Amino acid sequence: MKIFHILPNAHLDPVWLWDWKEGFNEGVKTCRAIVRLMDEFPELTFNRGEAFIYQQIQKWDPELFKQLHALVEEGRWNIVGGNGLQADQNMPDTCALLRQFEYGKAYFKKEFGIDVKTAWSADCFGHSAGMPEIFAASGFTRFSCNRPSPAVIPRDGLFTWCGAGGARILAQRLQIGWYGCERGEMTGRLNAALQICKSLKGENFPIGCGLGDHGGGPSRRHVMDIMAWREAHPEVRVVFSTFDRFFDAVEKELAAHARKAPEVYGELNFCLRGCYASTALMKRQYRRAESAVRLADRVCAPIDAAIAQPSEEAREWPSVLFNQFHDILPGTAIESALQEEFDRLGGAVSASSIRIHNAMNALANQVQVAVPPLAAEDWPEMVPMFLYNPNPRPYNGLVEMETSLDYRPLPIPLDSDFLEVLDESDQPVPFQELPTAHQSMPSLPWRKRALCRVALPPFGWRVLKMGATKTAPRRAAAPEGPLATAEGDHSIGNGILSLIAEPTSHQILIRRNGLADMPLSVAGYLDRFGSWGGMGEEEASFHQQELLEVWEISRSKVIESGPERAALFVELNGRRSSMSLILRLERGKAAFAASLRLLWGDRAMRLKLRLPDAPAVVYDVPGGEMRRIRTGQVPGVRYAKVLNGNASYGFAANGTYSYDNEDGFFTWTLARGNRFSTDIVSGADFTPEKPSERGELRADFAWSAAPEQAPELADQLEFPVQVQMTWPHDGPRPPQGSALNVQLPDGIELVDIHPGSETPEMTCQNRTDKPIPLHLYGKDIVLKPWSLTRI
């Protein structure tokens, strides 16, 4: 006999066409209504996830919270998902999604004594290939979803989702209807289910039930219609069920018949692809916050362990986790709601900065910081600068330092050579003087900025000193080999690469020794689709190849010229929008970094940064990497490896998550000119009174001639060496050292780091296809390919 498992639920978007305040209060209102209905119908069950909603109930309706406890103990109220809320599963970083489930599962364990084993994603827009590894590392064994289309999933919806690291998750996509239903839909859905299940294997079939999106849940009519249909169809067993009961029944059924669910490898994508680029400003703010909190953890956990101080609570994570929601990060909510979330993320960035400052001061206070004797009476002492490497590998590269050399401008001719940078032994350090961050009183010698080449061990610190000398400053030996300098009015080079941006041209040339030039350009393409892209998955919505304009270089000039780094300012213009780029090229590297500032004023247009395409691209995705060919707009997180023989390269960025690789170009979408929270396909002049994202957008990207360096490029964008002014003082630690004696080999990514009792707990992932031995904390460990391991 077939068994229909009715799964009552109330999918609730805490933010979408409303703000978080309305969403949270609706969570309380919905759960109150469901409990009353469950009192009326003793066999009715309910499925509810999302710790943020439970916290709202716990705070504002403690009596209802007690009732939920009782229903959970009865087995009628099923806690699923194990998350703070239903996050997007294509755009947050691996670390952030692990934190999402860690946060939710810890709450449910503490408040209900339940270790949630069933993950649930009712409505997010596709699922990364790395999610099985994230689920397994988080302690899940089962997963239910509603997207993407049934064509991606085995016919009966039941499958074993296999990860690249060996994770195996029993999964089910609802094949009969969607997670919810309209008010009068249940009878028709059950009739359809009866016909569909006749041709499908298996005995147990899940059927969603409940008003959703703004909460609601099953109605009295739903329950009565189900009961009436059940009485009229004794050939089918119809039960009010839970996700856990359904999966329990499926596991017993598979075991009884010695049957295995078909295996599915790779991503469950794609769906509503416009989301990867909508509201670029919001995505950039989320990425800033996610990176800032991760950076703070990398700084604080090793330092706290090294100096044996209690760790500050990372209160920023809940703000980041909330903004992973599948209508916030995808950019499909209304403008006012997104503005509130933008502000929430700003608080996380600020709090992370404070944590970093406090930890670095705590460590610096234990370090011996000395400065040379005064150069003369009534002359300022040198300013010590404290540097810290937040990465698990040695850093050998450039660091910028800026400080005031005295409390008032110095009595020195501005054009004199007086800046000196010394190391811990008071020996001169090679540096390149840069313009200061300000343009105030430029005729007064007061603040100075230096670019120094330094070496730092993993999680290591050192002390440098900047100051003014009254005599000829000491200088380190000039660097050997080709320098990074200007090669012309509109070009820079370092003997390995040249970057050329001729005014009136439509492309920046990346010139590589002995190889064909590689063009970089910016172009606008027609994009008439709404926030989600094509609601019907129309090909035009994700191929986006109708060219409108290629931007022209209006001016360029060299703004830094060696010896350590050269920089090129480039301005590009479209018809209504413009962009400034600063391209930075270091000595000795076949790579460059760029900062962009876009003044965006277009509508119904998608702006792309373009590089040459390739037969295949490997993208960083949550939980791993994904190799794709020419598939239209696709999501990528931190980096991409563009693979095309000697024309291969690595790319990393921190703006939107939208890429494509077709029609001659590998592209990264910078902005979409769509209105907020709309599914209407329209042109630029449609409803001009409705707001669309405009104004200043900023982002960074980096390029390397070696695709395997793409992860390192991403780390350099996210986790740069931290620099903080300090003061001379005694301390028990030397002026150069390491807070944590750890060095991860190449191929191992430090995914996350937590404070530990004696040493930090680290989550690592072997991002290669071979096992990698690792000696850590006195233990010999072998990390399997692609598995997530907490050490």
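Residues numbered from 1 in each chain as written. Predicted model: local features only at pLDDT ≥ 70, side-chain atom pairs only at ≥ 80, totals over all residues. Heavy atoms only, no water.

Draft legend 1. Spotlight on the packing of aromatic side chains. Overall, the coordinates contain 33 aromatic pairs when judged by the stated rule. Considering the side-chain rings of W16 and W532, the 6.2 Å spacing of their centres and the 85° angle between planes classify their relative orientation as edge-to-face. Of this pair, W16 sits in the loop between β1 (2-8) and α1 (20-40) while W532 sits in the loop between β21 (518-526) and α12 (539-543), and the two are 516 residues apart along the sequence. The pair W16 / W532 is uniform in exposure class, with both members buried. Every member of this aromatic cluster is reached through a ring pair, and the members are F592, Y619, Y649, F651, Y659, F666, W668, F701 and W703. Cation over ring: R287 sits above Y657, and NZ or CZ is 4.5 Å from the ring centre. The ring of W20 has R344 sitting right over it, with the charged end atom 5.4 Å from the ring centre. (Phe/Tyr/Trp six-rings, centres within 6.5 Å; stacked < 30°, edge-to-face > 60°. Helix = DSSP H or I, 4+ residues; strand = E, 2+ residues; numbered from the N terminus. Buried < 20%, exposed > 50% of the residue type's maximum accessible area, 1.4 Å probe, protein only. Lys NZ or Arg CZ within 6 Å of the ring centre and 35° of its normal.)

Draft legend 2. α1, seen in detail. Over its 21 residues, α1 runs 30 Å from end to end, which matches the ideal 30 Å to within 8%, given 1.5 Å per residue. The complete set of buried residues in α1 reads G23, F24, E26, G27, V28, T30, C31, I34, V35, L37 and M38. Those residues of α1 hidden inside the fold are in contact with β2 (46-48), α2 (51-60), α3 (62-74), β3 (77-79), α7 (220-232) and α10 (317-322). (Expected span 1.5 Å × (residues − 1). Contact = heavy atoms within 4.5 Å.)

Draft legend 3. Local environment of the sheet that holds strand β6 (residues 158-162). The strand order across the open sheet built from five strands is β4-β5-β7-β6-β10, with neighbouring strands paired in mixed fashion. The open sheet is flanked by β4 (118-121) and β10 (263-265), the only strands paired with a single partner. Here the strands of the sheet are splayed against their neighbours by 30° on average, with no regard to which way each runs. Across three bridges, β6 lies against β10 in parallel orientation. Bridge pairing in β10 links W161 to V264. (Pairing = 2+ DSSP bridges. Axes fitted to C-alpha atoms, helices over the stretch in contact; angles between N-to-C directions.)

Draft legend 4. Summary view of the nonpolar core. Counting 93 residues, the largest nonpolar core has F4, Y54, W77, F135 and W161 as the members making the most contacts within it. With eight residues, the single largest contributor to this core is helix α4 (residues 94-112). When neighbours within four sequence positions are excluded, W77 is seen to be in contact with C31, I34, V35, M38, F46, R48, Y54, L68, L71 and V72. In terms of nonpolar packing, the next biggest core, distinct from the first, is built from 53 residues, I508, L520, A566 and A653 among them. (Core = buried A, V, L, I, M, F, W, Y, C linked by side-chain atoms within 4.5 Å.)

Draft legend 5. Expanded view of the environment of D517. Following the sequence through the fold, D517 ends up in the loop between β20 (508-512) and β21. Expressed as a C-alpha distance, the spacing of D517 and S498, which sit 19 residues apart in the sequence, is 9.5 Å. For D517, the side chain forms a polar contact with the side chain of R511, separated by 2.7 Å. (Polar contact = N/O pair within 3.5 Å; in protein donor to acceptor, adjacent residues only side chain to side chain.)

Draft legend 6. The arrangement of the pattern of salt bridges in detail. One pass over the structure, following the stated rule, counts 56 salt bridges. In this structure, D297 engages R99 in a salt bridge whose closest nitrogen and oxygen atoms are separated by 3.2 Å. In this pair, D297 sits in helix α9 (residues 280-307) while R99 sits in helix α4, placing the two residues 198 residues apart along the sequence. Residue classification places R99 among the buried positions, given a relative accessible area of 9%. (Salt bridge = Lys/Arg side-chain N within 4 Å of Asp/Glu carboxyl O.)

Draft legend 7. Representation of the sheet that holds strand β28 (residues 616-621). On the basis of which strands lie adjacent, the open sheet formed by nine strands has the order β23-β24-β25-β26-β35-β32-β31-β28-β29 and antiparallel pairing. The sheet is open, and its two edges are formed by β23 (552-561) and β29 (624-628), each paired on a single side. In this sheet, neighbouring strand axes are inclined to one another by 20° on average, regardless of whether the strands run parallel or antiparallel. With eight bridges connecting them, strand β25 (residues 578-586) and strand β26 (residues 591-600) associate as antiparallel partners. Looking at the pairing, S580 lines up with R597 of β26. Along the sheet, helix α13 (residues 710-718) contacts β31 (639-643), β32 (649-653) and β35 (695-704); its crossing angle with β32, the most-contacted strand, is approximately 25°.

Draft legend 8. View of the environment of F569. Inspection of the secondary structure assignment puts F569 in strand β24 (residues 565-573). For F569, the residues in contact, after removing those within four places along its chain, are R555, S556, K557, I559, S580, L581 and I582.

Draft legend 9. Representation of the packing of α1 against α3. Interaxial distance between α1 and α3 falls to 11 Å at its minimum, and their mutual angle equals 50°. Taken as axis vectors, α1 and α3 run oblique relative to one another. Considering the relative orientation of α1 and α3, their crossing is left-handed. Each of V28, C31, R32, V35 and M38 in α1 lies in contact with α3, whose residues at this interface are L64, Q67, L68 and L71. Considering only residue class, the contact of α1 with α3 consists of seven nonpolar, one polar and one charged. (Parallel < 35°, antiparallel > 145°, perpendicular 65-115°, else oblique. Left-handed = near helix turned anticlockwise from the far one by under 90°. Nonpolar A, V, L, I, M, F, W, Y, C, P; charged D, E, K, R; others polar.)

Draft legend 10. Inspection of unusual backbone geometry at higher detail. The step from R147 to P148 runs through a cis peptide bond, and the omega angle for that step is 0°. In this structure, P148 sits in the loop between β5 (142-145) and β6. Here the residue pair N269 and F270 is connected by a cis peptide bond, since its omega of 10° sits within 30 degrees of zero. Looking at the element boundaries, F270 is found in the loop between β10 and α9. The backbone phi angle of F459 is positive, close to 50°, even though this residue is not glycine. Relative to the helices and strands, F459 is located in the loop between β15 (447-456) and β16 (460-468). Its identity as a non-glycine residue notwithstanding, T687 has a phi of 40°, on the positive side. Looking at the element boundaries, T687 is found in the loop between β34 (665-672) and β35.

Draft legend 11. Representation of the side chain of N90 within the structure. Locating N90 in the fold gives a position in the loop between β3 and α4. Given a relative accessible area of 2%, N90 falls into the buried group. Among the polar contacts made by the side chain of N90, one reaches the main-chain carbonyl oxygen of F125 at a distance of 3.4 Å. Apart from residues lying up to four places away in sequence, N90 is in contact with F125, G126, H127, S128, N269, Y276, P622, P635 and V637.

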